[in-house]
Amino acid sequence: MLSTYLKKNEYICKLIENFEFLYMEFTALQIAQMIGGRVEGDENARVSTFAKIEEGKPGAISFLSNTKYIHYIYDTKSSVVLVDESLQLEHEVPATLIRVKSAYEAVARLLQAYESMKPKKKGIHPMAFISPSATVGEDCYVGAFAYVGDGAVVGKRCQIYPNAVVGDNVNIGDDCILYPHAVIYHDCRLGSRVTLHAGSVVGADGFGFAPTPTGYDKIPQIGIVTIEDDVEIGANTCIDRSTMGSTYVRKGVKLDNLVQIAHNTDIGENTVMSAQVGVAGSAKVGQWCMFGGQVGIAGHITIGDHVNLGAQAGVPSSIEAGQTLIGTPAMNTRGFFKSQVIYQRLPEVYKQLQQLQKKVDALKGQLKGQE
């Protein structure tokens, strides 16, 4: 965790105590000390902002982790560039380099530190509504037209932005962020350090209807949603409440925008899902899974731990742990790409098949004439 890292590093703590990050400068050497890197070039090169390597400018720090962008490093205007220790360059570069084990991880740590140093809003806006029976922890921010319902409990240092809704008897841990128009329905539970982006909905009714001769009877959804610590939910993502019991989103899960998590599902720890993934009811997804965009998971199946699913994979049945699959129905990547090669050749294969059929018909005619 970043907080643990900062506590252990007295140098960074001193910087945080004495400077406002938005207006401070760091030298390349200071940054290298923060992230355990090695400077190549001017140790005193100063930076005060971030920039993409292709949009570099003096006084900015950039990073290079994907070799597709390596050509930018030779003429970037950024003063400092974070690069992997293993990166091989064809010739010298104008920027000062900081070599680290992983440039991507290093810039993530710097951006986290940058974000943590920004001032946090505090106080209750006079146009917010907080029920007299609700409890809001210290150092919270509740924006205009936000709503906190009866019996709700909001932890310390939470940020509830305008028009967000915390329903009756909702329980929210510390350091959570609810962006505008995020909605938590009644009785649901959030751990600490949970982020709900704009328009996300936690606890709407699961899609439960019983067919009858005259239509569909709604099955009441009397359960809740439980979201554990360190979860981030993207904009306009929906997590449905369970029919009974709880829908679970476990610790460390990251969901992109426009993801649908149906009722009674259980999403395992540290699983990540890209945009437009859909998980049907009562599915169980393991830990550390990675789902690409538009993956579809059928209901009442189990996905093992460490399963990777490529974009638009369709999963109709359970998957054992550790597999990497793609396609619809999902198959292993080697089989999928072989199938794609054959699929692309289908017009040619069909033409050959027609030619063979003509030859077979001609041979049959010859044989029939000899009888």
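All values derive from a computational prediction rather than experimental measurement.

Colleague: Tell me about the packing of helix 3 (residues 28-35) against helix 4 (residues 103-117), and name the residues and values.
Modeller: Where helix 3 meets helix 4, the axes come as close as 10 Å, and the angle between the chain directions of the two elements is 100°. Comparing their axes, helix 4 and helix 3 come out roughly perpendicular. Contact residues: Ile31, Met34 and Ile35 in helix 3; Ala106, Arg109 and Leu110 in helix 4. Taken together, the residues of the contact of helix 3 with helix 4 sort by class into five nonpolar, no polar and one charged.

Colleague: Hey, could you go over the environment of Ala51 for me, with residue numbers and the actual values?
Modeller: When you line up the elements, Ala51 lands in the loop between strand 4 (49-50) and strand 5 (60-64). Since its relative accessible area comes to 17%, Ala51 is described here as buried. Distance from Ala51 to Gly167, taken between C-alpha atoms, is 40 Å for residues 116 residues apart in sequence. Among all residues touching Ala51, those that are not within four sequence positions of it are Gly56, Ala60, Ile61, Ser62 and Ser78.

Colleague: Can you explain the packing of aromatic side chains? Please cite residues and give values.
Modeller: Tallied over the entire structure, the rule returns seven aromatic pairs. On the basis of an interplanar angle of 25° and a centroid distance of 5.1 Å, the ring pair of Tyr161 and Tyr179 is categorised as stacked. In this pair, Tyr161 is assigned in the loop between strand 14 (159-160) and strand 15 (165-166) and Tyr179 in the loop between strand 17 (177-178) and strand 18 (183-184), connecting sequence segments 18 residues apart. In this structure an aromatic cluster arises from ring pairing among Tyr141, Tyr161 and Tyr179. Positioned above the aromatic ring of Tyr248 is the side chain of Arg250, whose terminal nitrogen or guanidinium carbon lies 4.1 Å from the ring centre.

Colleague: Describe the state of the cysteines, listing the residues and the values that go with them.
Modeller: Using the criterion set out here, one finds zero disulfides in the structure. With no disulfide of its own, Cys140 lies closest to Cys158 among cysteine sulfurs, the gap being 4.6 Å.

Colleague: Can you explain the nonpolar core? Please cite residues and give values.
Modeller: Residues Ile172, Phe291, Ile297, Ile303 and Leu309 are the most contacted members of the largest nonpolar core, which totals 51 residues. Non-local contacts of Ile303, meaning those with residues more than four positions away in its chain, are made with Lys284, Val285, Gly286, Cys289, Phe291, Ile297, Val315 and Ile319. Formed by 19 residues, the second largest nonpolar core is a distinct cluster that contains Met24, Val39, Ala45 and Leu110.

Colleague: Got a sec to walk through the pattern of salt bridges? Specific residues and values, please.
Modeller: Taken as a whole and judged by the stated rule, the model has 14 salt bridges. Ionic pairing is found between Glu228 and Arg250, a salt bridge with its closest N-O pair at 2.9 Å. Pair noted here: Glu228 is in the loop between strand 24 (224-227) and strand 25 (232-233) and Arg250 is in the loop between strand 27 (246-249) and strand 28 (254-255), with a separation of 22 residues, a long-range link. Among the residues examined, Glu228 registers a relative accessible area of 23% and is labelled partly exposed. Judged by its relative accessible area of 22%, Arg250 is partly exposed. In this structure, Asp266 and Lys284 form a salt bridge, with 3.6 Å as the shortest nitrogen-oxygen distance. Taken together, the residues span a long stretch of sequence, with Asp266 in strand 30 (residues 266-267) and Lys284 in strand 33 (residues 284-285) at a distance of 18 residues.

Colleague: For the sheet that holds strand 32 (residues 278-279), give the residues involved together with the corresponding values.
Modeller: Strand pairing in a sheet relies on backbone hydrogen bonds, with the paired strands running either antiparallel or parallel. Reading across from one edge, 9-12-15-18-21-26-29-32-35-38 is the order of the ten strands in this open sheet, with parallel pairing throughout. On the outer flanks of this sheet lie strand 9 (129-130) and strand 38 (314-315), each paired with one strand and no other. Here two bridges tie strand 15 to strand 18, and the two strands are oriented parallel to one another. Within the sheet, the bridge partner assigned to Val166 lies in strand 18 and is Ile184.

Colleague: Which residues make up helix 4, and what are the values?
Modeller: A rise of 1.5 Å per residue sets the reference length of helix 4, with its 15 residues, at 21 Å; its end C-alpha atoms lie 21 Å apart and thus fit the reference within 8%. When helix 4 is considered as a whole, its buried residues turn out to be Ala103, Ala106, Val107, Leu110, Ala113 and Met117. The arc enclosing the buried residues of helix 4, seen along the axis, measures out at 120°, which places them on a common side. The outward face of helix 4, more than 90 degrees from its buried face, is lined by the exposed residues Tyr104 and Glu105.

Colleague: Give me the lowdown on the sheet that holds strand 24, citing residues and values where you can.
Modeller: Pairing is parallel across the open sheet formed by nine strands, whose spatial order is 10-13-16-19-24-27-30-33-36. Edge strands, defined here as strands with exactly one partner in the open sheet, are strand 10 (135-136) and strand 36 (302-303). Both strand 16 (residues 171-172) and strand 19 (residues 189-190) contribute to a ladder of two bridges, which runs parallel. Counterpart to Ile172 in the pairing with strand 19 is Leu190.

Colleague: Give me the lowdown on the environment of His71, citing residues and values where you can.
Modeller: Mapped onto the secondary structure, His71 falls in the loop between strand 5 and strand 6 (80-84). Residues His71 and Gly245, 174 residues apart in the sequence, show an inter-C-alpha distance of 54 Å.

Cut-off values and rules
- Residues numbered from 1 in each chain as written.
- Predicted model: local features only at pLDDT ≥ 70, side-chain atom pairs only at ≥ 80, totals over all residues.
- Heavy atoms only, no water.
- Axes fitted to C-alpha atoms, helices over the stretch in contact; angles between N-to-C directions.
- Helix = DSSP H or I, 4+ residues; strand = E, 2+ residues; numbered from the N terminus.
- Parallel < 35°, antiparallel > 145°, perpendicular 65-115°, else oblique.
- Contact = heavy atoms within 4.5 Å.
- Nonpolar A, V, L, I, M, F, W, Y, C, P; charged D, E, K, R; others polar.
- Buried < 20%, exposed > 50% of the residue type's maximum accessible area, 1.4 Å probe, protein only.
- Phe/Tyr/Trp six-rings, centres within 6.5 Å; stacked < 30°, edge-to-face > 60°.
- Lys NZ or Arg CZ within 6 Å of the ring centre and 35° of its normal.
- Disulfide = S-S within 2.5 Å.
- Core = buried A, V, L, I, M, F, W, Y, C linked by side-chain atoms within 4.5 Å.
- Salt bridge = Lys/Arg side-chain N within 4 Å of Asp/Glu carboxyl O.
- Pairing = 2+ DSSP bridges.
- Expected span 1.5 Å × (residues − 1).
- Arc of directions from axis to C-beta.

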